[in-house]
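# Descriptive analysis of the structure
Residue strings, one per chain:
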Amino acid sequence: DLLKYINVLNKLDTIKETDLHIQEVTGEDKTIDVVVEIFNNVNSGGTKLSKGDLALAKICSQWSDARSEMKNYLEKLSKAGYYFSLDWLLRCITVNLTGRPYFSGLDKISIEDFKTALYSTEDLIGLCLDHIGSRLGLDHDRVLASKAAIPTMIGYLRLQPSKKLDNTQWNKLMYWYVHTFLWGRYAGSVESVLAQDLNVLAN
């Protein structure tokens, strides 16, 4: 069998000589939106790349534990009966950091600021889920509606002194939250609706 194995090893060795074309996409004009569009056009037959995927990849290039830290938090939520995606968590962090829903806003954010925002966002998410569970009885993923409304709630909380609300404010926020799923507020293009709602808060 020696000759057979030598032939296989020679074939493996020739892989090093394979000429692979690499197209670099660089320049200040290459925003997250532009790069995602280019990737999805080139990779039309494969898995679509989301803006969140690219933003997170860029963050992970500077902080290698970012994805695992975020997944660890999502795992904690899943053990409590709530199931969220990485994109959703990144959206919450983005809103907490920038007051806007767009992942492109993370381009100019330092990794230290991102780390701080990750942990403060976890606290805000926990606060929202606690009040949704205790005040409305929606304490499990099976009954939790309008997950996309939580980033807006975080956007509201970040504007408050010490990020705290009194009982009346929480009641009003819960009233608004219930109406987001009764009327399908975030049933369409989530990013654009989030932008509208966050603009209202900012103004």
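Data block above holds the structure.
Residues numbered from 1 in each chain as written. Predicted model: local features only at pLDDT ≥ 70, side-chain atom pairs only at ≥ 80, totals over all residues. Heavy atoms only, no water.

If you add up the space inside the largest pocket, you get close to 230 Å³. In this structure, the largest pocket is lined by Thr 152, Met 153, Tyr 156, Gln 169, Lys 172, Leu 173, Trp 176, Arg 185, Asp 197, Val 200 and Leu 201. Secondary-structure elements contributing two or more residues to the lining of the largest pocket are helix 7 (150–157), helix 8 (167–182) and helix 9 (190–202). When residues in the lining of the largest pocket are grouped by element, the largest group, four residues, is from helix 8. Grouping the constituent residues of the lining of the largest pocket by class yields six nonpolar, two polar and three charged. (1 Å grid on protein atoms, 1.4 Å probe; cavity = no way out; pocket = protein on both sides within 12 Å on 5 of 7 lines; lining within 4 Å. Points joined across faces, edges and corners; volume = space filled by probe spheres on them. Helix = DSSP H or I, 4+ residues; strand = E, 2+ residues; numbered from the N terminus. Nonpolar A, V, L, I, M, F, W, Y, C, P; charged D, E, K, R; others polar.)

Before going further, it helps to spend a moment on the pattern of salt bridges. Scanning the entire structure with this criterion turns up seven salt bridges. One salt bridge in this structure joins Lys 16 and Asp 13, with 2.9 Å as the shortest N-O distance. Take Lys 16: its relative accessible area is 64%, and that puts it in the exposed class. Relative accessible area serves as the criterion here: at 40%, Asp 13 is assigned to the partly exposed category. A salt bridge links Asp 197 to Arg 185; its shortest N-O distance comes to 2.5 Å. Of this pair, Asp 197 sits in helix 9 while Arg 185 sits in the loop between helix 8 and helix 9, and the two are 12 residues apart along the sequence. One network of salt bridges, with partners in common, ties together Lys 51, Arg 91 and Glu 191. (Salt bridge = Lys/Arg side-chain N within 4 Å of Asp/Glu carboxyl O. Buried < 20%, exposed > 50% of the residue type's maximum accessible area, 1.4 Å probe, protein only.)

In total, this model carries four aromatic pairs according to the counting rule given. Between Trp 63 and Phe 114, the aromatic rings sit 6.3 Å apart at their centres with planes inclined by 70°, giving edge-to-face as the arrangement. In this pair, Trp 63 is assigned in the loop between helix 3 (51–62) and helix 4 (66–79) and Phe 114 in helix 6 (residues 111–136), connecting sequence segments 51 residues apart. Comparing Trp 63 with Phe 114 shows no difference in burial state: the two are buried. Ring plane angle 75° and centroid distance 5.4 Å describe the contact between Tyr 177 and Phe 181, whose orientation is recorded as edge-to-face. (Phe/Tyr/Trp six-rings, centres within 6.5 Å; stacked < 30°, edge-to-face > 60°.)

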